Amino acid sequence: MSSAALITRICEINAQLAALLPAAQSALAGESTFSVDELRALSGPISEMAPILTAAKLTQDPQVTAQTQTYKAHLRNLQPTLERLRQMLLAQRSQLATNQAQLKAASNWAAALSSTQQL
């Protein structure tokens, strides 16, 4: 991959990450939701960067190096946000499991009540 192509692609990925970071932070603040689609949109560019970073190491172009540093800065900014999102999702999953157990208990109680009233 040429230096110009590397620069172009890294710039595009940096722009995607820069756009998705505020969405993730907004979700943490309770102002919006961070959906599976947004998570996929975030993981796509990150996955795509692995071979690009390998190619970037082979070039000494300062623009490639600068864009790579920008990408690394985005990752540093995303890391704590994603960790907090993960914790939030784990808490929500736990709450859903608790609610499901309560619903099941209420359903069992209603079924038992119904069967005793028929006696």
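Preceding this paragraph is the structure being described.
Residues numbered from 1 in each chain as written. Predicted model: local features only at pLDDT ≥ 70, side-chain atom pairs only at ≥ 80, totals over all residues. Heavy atoms only, no water.

Peer 1: Help me understand the nonpolar core in this model?
Peer 2: Where a protein is soluble and globular, its nonpolar side chains tend to be buried together. Among the nonpolar cores identified, the biggest contains 18 residues, and Ile13, Leu17, Phe34, Leu42, Met49, Ile52 and Val64 are the most heavily contacted of them. Elements supplying a minimum of two residues to this core: helix H1 (3–28), helix H2 (36–57) and helix H3 (62–117). The residues touching Ile13, leaving out its near neighbours within four places in the chain, are Pro45, Glu48, Met49, Ile52 and Tyr71. (Core = buried A, V, L, I, M, F, W, Y, C linked by side-chain atoms within 4.5 Å. Buried < 20%, exposed > 50% of the residue type's maximum accessible area, 1.4 Å probe, protein only. Helix = DSSP H or I, 4+ residues; strand = E, 2+ residues; numbered from the N terminus. Contact = heavy atoms within 4.5 Å.)

Peer 1: Explanation requested: the side chain of Thr81 in the structure shown.
Peer 2: Tracing the sequence through the fold places Thr81 in helix H3. Of the residues examined, Thr81 reaches a relative accessible area of 3% and is grouped as buried. One polar contact links the side chain of Thr81 to the main-chain carbonyl oxygen of Asn77, over a distance of 3.4 Å. Once residues lying within four places of it in the same chain are set aside, the contact partners of Thr81 are Leu21, Ala24, Gln25 and Leu28. (Polar contact = N/O pair within 3.5 Å; in protein donor to acceptor, adjacent residues only side chain to side chain.)

Peer 1: Help me understand the pattern of salt bridges, please; the structure alone is not making it clear to me.
Peer 2: Any two side chains of opposite charge can pair, on the condition that their charged atoms come close. The final tally for this structure, using the stated rule, is 4 salt bridges. Arg9 is the partner of Glu48 in a salt bridge, and the nearest nitrogen-oxygen pair spans 2.5 Å. On the criterion of sequence distance, the pair formed by Glu48 in helix H2 and Arg9 in helix H1 is long-range, its members being 39 residues apart. Residue classification places Glu48 among the partly exposed residues on the basis of a relative accessible area of 31%. The salt bridge involving Glu83 is made with Arg86; its shortest N-O contact spans 2.9 Å. In this pair, Glu83 and Arg86 both sit in helix H3, 3 residues apart, roughly one turn of the helix. Take Glu83: its relative accessible area is 33%, and that puts it in the partly exposed class. Three or more residues are tied together by salt bridges with common partners; here these are Arg9, Glu12 and Glu48. (Salt bridge = Lys/Arg side-chain N within 4 Å of Asp/Glu carboxyl O.)

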